[in-house]
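# Chain and residue survey
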Amino acid sequence: MIIENRIAVITGAGKGIGEAIAYGLAEMNYQTVLIGRNRKNLEQVAAEIVNNGGLAPVIFQLDVTDTPKMKETIQSVISQFGRIDVLVNNAGVYFDGTLELAESEFQTMLNTNLTAQFTLTKEVVPWMEHQGSGYIFNIASRSGKTGYAGSGGYCASKFGMLGLNESLYHELTPKGIKVTALCPGWVNTQMALDAGTPLKAEEMIQPEDLFKTIRYLLQLSPTAIVKEVVIEAPSGIR
Ligand SMILES: NC(=O)c1ccc[n+]([C@@H]2O[C@H](COP(=O)([O-])OP(=O)(O)OC[C@H]3O[C@@H](n4cnc5c(N)ncnc54)[C@H](OP(=O)(O)O)[C@@H]3O)[C@@H](O)[C@H]2O)c1
């Protein structure tokens, strides 16, 4: 069967890392599906993709923690395109603190950074199983590998994401579906600034580096799999 266009669903595609991944996948001729809460940001990214000659993206303005809406969205993508080739679980939030966190902040991080990835992956995987192929990228963090003082809630959500990633890696690989977690240190986005990065913009990992990692992984042969990739900013190594 000749697949005319490969379909890539990207959460948090309106800015930062998700935006860079959306541009990159569109350049690789993927039909992109952009998800986020801020419609204006998503529309700007879509316009930029079209200006650069990419396929017009489909936009879904939604909160990834809204499970019913998320399920509806995936059904709608399948009705329109019949398949999903790449899922990028990227949407995430950061609140400073460990025990200083309000329970609601802790819960919001778990809901956004972990439960939403579970829900979306659960909706998408049956379609990938049906196709016998697919690639799931989980944008985790260096904070999923190491616990840092002052960000225990965020670390808990990202450690959880890596646990989910590793189980899925074992379960889905035999079905022809690849699963990789990307674990970057400081990336030059608004989140890093809000989280008080000590690095200057030019010292950080750039959002495009995450796309370049994805591109490299997508180009590997079906017999090569990678569970996770840890990416450091040289000035951020302690
Ligand atoms: N920047 C770093 O240093 C760094 C390092 C390691 C890992 N990460 C991870 O990389 C991912 C992207 O972060 P970033 O640095 O690009 O941050 P960012 O610039 O703040 O972008 C976060 C993205 O997530 C989306 N988002 C947040 N909550 C959402 C929700 N409830 N529903 C739908 N979309 C939601 C935002 O879109 P809307 O506002 O439109 O909803 C936005 O597009 C996150 O998972 C983050 O934890 C970042």
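Just above, that's the structure.
Residues numbered from 1 in each chain as written. Predicted model: local features only at pLDDT ≥ 70, side-chain atom pairs only at ≥ 80, totals over all residues. Heavy atoms only, no water.

Turning our eyes to something else, we now look at helix 7 (residues 207-218). Over its twelve residues, helix 7 runs 17 Å from end to end, which matches the ideal 16 Å to within 8%, given 1.5 Å per residue. Listing the buried residues of helix 7 in full gives Pro207, Leu210, Phe211, Thr213, Ile214 and Leu217. Along the long axis of helix 7, the arc covered by the buried residues comes to 155 degrees, so they all point the same way. Buried residues along helix 7 sit against helix 1 (16-27), strand 5 (134-139), strand 6 (177-184) and strand 7 (228-231). (Helix = DSSP H or I, 4+ residues; strand = E, 2+ residues; numbered from the N terminus. Expected span 1.5 Å × (residues − 1). Buried < 20%, exposed > 50% of the residue type's maximum accessible area, 1.4 Å probe, protein only. Arc of directions from axis to C-beta. Contact = heavy atoms within 4.5 Å.)

Let's shift gears to the side chain of Asn89. Note on placement: Asn89 falls in strand 4 (residues 86-89). Under the relative-accessibility criterion, Asn89 is labelled buried at 1%.

In contact at an axis separation of 9 Å, helix 3 (residues 67-81) and helix 4 (residues 103-131) are set at 25 degrees when each is read in the N-to-C sense. Here helix 4 runs roughly parallel to helix 3, going by the angle between their axes. Every pair of crossing elements has a handedness; the one defined by helix 3 and helix 4 is right-handed. Of the residues in helix 4, those touching helix 3 at Thr67, Met70, Lys71, Ile74, Gln75 and Ile78 are Thr119, Leu120, Glu123, Val124 and Trp127. Of the residues belonging to the contact of helix 3 with helix 4, the class tally is six nonpolar, three polar and two charged. (Axes fitted to C-alpha atoms, helices over the stretch in contact; angles between N-to-C directions. Parallel < 35°, antiparallel > 145°, perpendicular 65-115°, else oblique. Left-handed = near helix turned anticlockwise from the far one by under 90°. Nonpolar A, V, L, I, M, F, W, Y, C, P; charged D, E, K, R; others polar.)

With that out of the way, let us pick up the packing of helix 1 against helix 7. Geometry of a packed helix pair, given as the angle between the helix axes and the separation of the axes. Two elements in contact, helix 1 and helix 7, have axes separated by 8 Å at closest approach and are oriented at 45 degrees. Taken as axis vectors, helix 1 and helix 7 run oblique relative to one another. Read as a crossing pair, helix 1 and helix 7 show a hand that is right-handed. Contact residues: Gly16, Ile17, Ala20, Ile21, Gly24 and Leu25 in helix 1; Pro207, Glu208, Leu210, Phe211, Ile214 and Leu218 in helix 7. Among the residues forming the contact of helix 1 with helix 7, the class breakdown is nine nonpolar, two polar and one charged.

Between side chains of opposite charge, pairing is possible as soon as their charged atoms come close. Taken as a whole, this structure holds six salt bridges when the rule is applied. In this structure, Glu129 engages Lys175 in a salt bridge whose closest nitrogen and oxygen atoms are separated by 2.8 Å. Remark: Lys175 occurs in the loop between helix 5 (152-172) and strand 6 and Glu129 occurs in helix 4; sequence separation between them is 46 residues. The salt bridge involving Lys145 is made with Glu228; its shortest N-O contact spans 2.3 Å. Here the residue Lys145 occupies a position in the loop between strand 5 and helix 5, and Glu228 occupies one in strand 7, the gap between them amounting to 83 residues. Using a relative accessible area of 36% as the deciding quantity, one classes Lys145 as partly exposed. A relative accessible area of 22% places Glu228 in the partly exposed class. (Salt bridge = Lys/Arg side-chain N within 4 Å of Asp/Glu carboxyl O.)

As a further point, take the environment of Asn89. Separated by 80 residues in the primary sequence, Asn89 and Val9 place their C-alpha atoms 8.4 Å from one another. Each residue touching Asn89, except ones within four places of it in the same chain, is listed here: Thr11, Gln117, Leu120, Thr121, Ile136, Phe137, Asn138, Ile139 and Met161.

This part covers the site of the ligand. The environment of the ligand is made up of 28 residues, and the closest members are Arg37, Asn90, Tyr154, Val187 and Thr189. A distance of 2.8 Å is found between an oxygen atom of the ligand and a backbone nitrogen or oxygen belonging to Ile17. At 2.8 Å from an oxygen atom of the ligand is found a main-chain nitrogen or oxygen belonging to Val187. Its free accessible area being 880 Å², the ligand has 95% of it covered by the protein chains. (Near = heavy atom within 4 Å. Polar contact = N/O pair within 3.5 Å; in protein donor to acceptor, adjacent residues only side chain to side chain. Areas by Shrake-Rupley, 256 points an atom, 1.4 Å probe, with all protein chains shown as cover.)

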